[in-house]
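Read off the chains here:
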Amino acid sequence: MQNIAKVFETEDIETHALKNINLEIQAGDYISISGPSGCGKSTLLSILGLLDFPSQGQYFIDGEDVSSLSLDKAAAIRNSKLGFVFQSFNLIDSQSVYDNVALPLRYRKDKVSAEEMEQRVTKCLQAVEMLHRKDHKPNQLSGGQQQRVAIARALVQDPSILLVDEPTGNLDSKSGEAVMSVLDKLNKSGTTILMVTHDSNHAAMAKTQLHLSDGVIVEDVELREVV
Ligand code: ADP
Ligand code: MG
């Protein structure tokens, strides 16, 4: 992102939600974004996720300028390159864990074979340690288990980056720790993660911690791994 700004205009008020954001995310990064309510976290995540577009500035994904796209093109890039994990798990209760994770593969234009689908779903459920519950329905699982299934679903298209919004917001602290440990493990095996969180302990688990204040990145702490 280069000099990204976002202004919301309503009747007589202009809100400068983001001002001059410069952000470079490399494959393998694990970045947390934290800051007080109203500082622009969700706006930044929406723009990163192509759910909204900047008022100013440029945004590139894999070298492609995605600052202003048609809705169809944005949806296509979202489906192929971006994985989303939300505070609410958004699983379909009438379908099994397996089918919830397979869903993005079933809805894409270029179909994958049944064999490849099985391989991919199995691999993603293994990665979040939920394969043993593949035939359960989401409402038969704890909140933390449901969030792990939601992470598997976000991974099944092999996205370039996982965009995570308050992943433990609806969880008790023990389930929250299990979800954080899955994210940590995924990053260690190569998944790129950008996570918005209020929880400073969870923010500290990321390799790079960004703090937003009033639409501006104010600090940028990089914790180098101690070997
Ligand atoms: P956070 O997620 O950090 O709590 P947001 O990104 O949701 O903050 O909001 C940043 C600022 O932009 C706030 O002042 C908020 O009121 C404003 N804002 C967000 N979305 C809209 C919108 N759709 N229309 C008008 N103002 C908005
Ligand atoms: Mg928010």
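Quick caveat: nothing in here was measured; it's all calculated off a predicted structure.

**Quick word on the overall build of the chain**
Helix and strand content of the chain: seven helices and 11 strands. Considering only C-alpha atoms, the chain reaches an extent of 50 × 40 × 40 Å along its principal axes. Sorting the 227 residues of the chain into buried and exposed places 46% on the buried side. In the chain, the proportion of contacts linking residues at least 24 apart, taken out of those at least 6 apart, comes to 64%.

**Considering the packing of helix α3 (residues 97-106) against helix α5 (residues 143-155)**
Two numbers describe how α3 lies on α5: the axes approach to 7 Å, and their chain directions differ by 30 degrees. One way to sum up the angle between α3 and α5 is to call them roughly parallel. α3 and α5 meet at a crossing whose hand is right-handed. Taking contact as the criterion, the partners of Val 97, Asn 100, Val 101 and Pro 104 in α3 are, on α5, Val 149, Ala 152 and Arg 153. Counted by class, the contact of α3 with α5 contains five nonpolar, one polar and one charged residues.

**Describing the confidence of the model for the chain**
Model confidence for the chain is summarised by a mean pLDDT of 92, while 96% of its residues fall at 70 or above. At the low end of the mean pLDDT range in the chain sits strand β11 (residues 216-222), at 75; at the high end sits strand β4 (residues 56-58), at 97.

**As for helix α1 (residues 41-48)**
Of all eight residues in α1, six are buried; the element is thus mostly enclosed. Burial in α1 covers these residues: Lys 41, Thr 43, Leu 44, Leu 45, Ile 47 and Leu 48. Among the residues trailing α1, Leu 50 stands out with phi positive, at a value near 60 degrees.

**Quick look at the sheet that holds strand β1 (residues 2-10)**
Pairing within the open sheet is antiparallel, and its three strands lie in the order β2-β1-β4. The open sheet is flanked by β2 (13-21) and β4, the only strands paired with a single partner. Strand-to-strand twist of the sheet, defined as the mean angle between neighbouring strand axes without regard to direction, takes the value 20 degrees. With six bridges joining them, β1 and β2 adopt antiparallel strand pairing. Each bridged residue has a counterpart across the sheet, and for Thr 10 the counterpart in β2 is Ile 13. The strands that α1 touches are β1 and β2; relative to β2, the one it contacts most, it runs at about 65 degrees.

**Observations regarding the pattern of salt bridges**
All chains considered together, the criterion is met by 10 salt bridges. Note that Asp 52 and Lys 6 form a salt bridge whose closest N and O atoms lie 3.2 Å from each other. In this pair, Asp 52 sits in the loop between α1 and β4 while Lys 6 sits in strand β1, placing the two residues 46 residues apart along the sequence. Since its relative accessible area comes to 24%, Asp 52 is described here as partly exposed. A relative accessible area of 9% means that Lys 6 is categorised as buried.

Calculation notes
- Residues numbered from 1 in each chain as written.
- Chains lettered and ligands numbered in written order.
- Predicted model: local features only at pLDDT ≥ 70, side-chain atom pairs only at ≥ 80, totals over all residues.
- Heavy atoms only, no water.
- Helix = DSSP H or I, 4+ residues; strand = E, 2+ residues; numbered from the N terminus.
- Buried < 20%, exposed > 50% of the residue type's maximum accessible area, 1.4 Å probe, protein only.
- Contact = heavy atoms within 4.5 Å.
- Axes fitted to C-alpha atoms, helices over the stretch in contact; angles between N-to-C directions.
- Parallel < 35°, antiparallel > 145°, perpendicular 65-115°, else oblique.
- Left-handed = near helix turned anticlockwise from the far one by under 90°.
- Nonpolar A, V, L, I, M, F, W, Y, C, P; charged D, E, K, R; others polar.
- pLDDT = per-residue confidence, 0-100.
- Pairing = 2+ DSSP bridges.
- Salt bridge = Lys/Arg side-chain N within 4 Å of Asp/Glu carboxyl O.

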